[in-house]
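Given next are the chains, with one letter for each unit.
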Amino acid sequence: MSDATSADWGDGFTARRALAKSISAIESGGPEALEIEQRALQQPAAAHVLGITGPPGAGKSSLISALLPHALDHYGAVAILAVDPSSSLTGGALLGDRVRMDYRHFDHKVFFRSMASRGYQGGIAAATRASVNVLDAAGWPLVIIETLGIGQVELDVMELADRVAVVLNPGWGDSFQANKAGLTEQGDAFVLNKADRPGLENAKILLEQSLQCLPAATPPRVFTTIATDDEGIPELWRSLADLMQEASKTRQSRRRCGAVREGAKTQLLRDFEAFLASPEAASSESAAPEGAADLLQRFYREQN
């Protein structure tokens, strides 16, 4: 059980509207985004970050919904970043996971944000990395990232999360050879969801055989679930909780946490360069003493 469960989340997250606005600012970019990002990076990394990834239609959203009560029992509060396709009309998230996830009855204990991919390649959104750091700095003990439906190479979540669960379905074996190089080498746990479908045993055998070929001393476990019926969910959560706990204790296992920080700094520099090239950079507001350039320079001076 995490110590975070002793906190009064109702009092701790009264500023969730400000948090939502902060993430919106990050998605929009510009000087305000730079200020938010640099402030978030000044806080030490503390949150556990769990990635849920897999091909389209695997049931990632349903799986997160089923895992959510267990995660809340363990952590006390959970933030979810769900990446969705972008609308060609508005640029916003298309068919956001709010439609598919039942989280409303958890009230203040769950912060949910659907993020539009906006053409960003890798299964996440361009703003996901910085948003994870903002949620971490705001005190959310567990951040779950649900990626866009991915293929072989869209694996950016592996660099953001402490642990990653790959969700597949029976029948996936037909395209197994084309995908296994990417997915099987990166996942920490594998879930064959919709286990009531034909082909479960064959898919499990193929997957386990492939995982046995990995250089790891102990191959990742394969779980079977029917998320909509809560079947296999308690066992899956216990394993994920153990993996997350291991990641928090072992410095080497939390290498991804370090990657988040370094990656965020790199992204911050890119955002800053884009800002300097924009018309806003010439405005009087951005040239103020506490403008984006000064904030960014001060951040790196403090870090060094």
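Residues numbered from 1 in each chain as written. Predicted model: local features only at pLDDT ≥ 70, side-chain atom pairs only at ≥ 80, totals over all residues. Heavy atoms only, no water.

1. Considering the packing of aromatic side chains
Inference 1: The full count for this structure, using the stated rule, is two aromatic pairs.
Inference 2: On the numbers, 6.3 Å between centres and 75 degrees between planes, the contact of Tyr75 with Trp237 is edge-to-face. Of this pair, Tyr75 sits in helix H4 (residues 60–75) while Trp237 sits in helix H9 (residues 233–249); the two residues are 162 residues apart in sequence, bridging distant segments of the chain.
Inference 3: Taken together, a centroid distance of 6.0 Å and an interplanar angle of 45 degrees make the contact between Phe111 and Trp140 tilted. Taken together, the positions of Phe111 in strand S3 (residues 110–116) and Trp140 in the loop between helix H5 (128–137) and strand S4 (142–146) put the pair 29 residues apart, joining distant regions of the chain. We note that Phe111, like Trp140, is buried. (Phe/Tyr/Trp six-rings, centres within 6.5 Å; stacked < 30°, edge-to-face > 60°. Helix = DSSP H or I, 4+ residues; strand = E, 2+ residues; numbered from the N terminus. Buried < 20%, exposed > 50% of the residue type's maximum accessible area, 1.4 Å probe, protein only.)

2. Points about the sheet that holds strand S7 (residues 221–224)
Inference 1: The parallel open sheet is built from seven strands, whose spatial order is S3-S2-S4-S1-S5-S6-S7. Taken across any chain shown, the strands that pair with only one partner, and hence form the sheet edges, are S3 and S7. Geometrically, the sheet is characterised by an average inter-axis angle of 20 degrees between neighbouring strands, direction not taken into account.
Inference 2: With five bridges connecting them, strand S1 (residues 48–53) and S4 associate as parallel partners. (Pairing = 2+ DSSP bridges. Axes fitted to C-alpha atoms, helices over the stretch in contact; angles between N-to-C directions.)

3. Digging into the environment of Ala126
Inference 1: Tracing the backbone through its elements, the reader meets Ala126 in the loop between S3 and H5.
Inference 2: Its relative accessible area of 42% is what places Ala126 among the partly exposed residues.
Inference 3: In this structure, the C-alpha to C-alpha distance between Ala126 and Ala116, residues 10 residues apart in sequence, is 9.0 Å.

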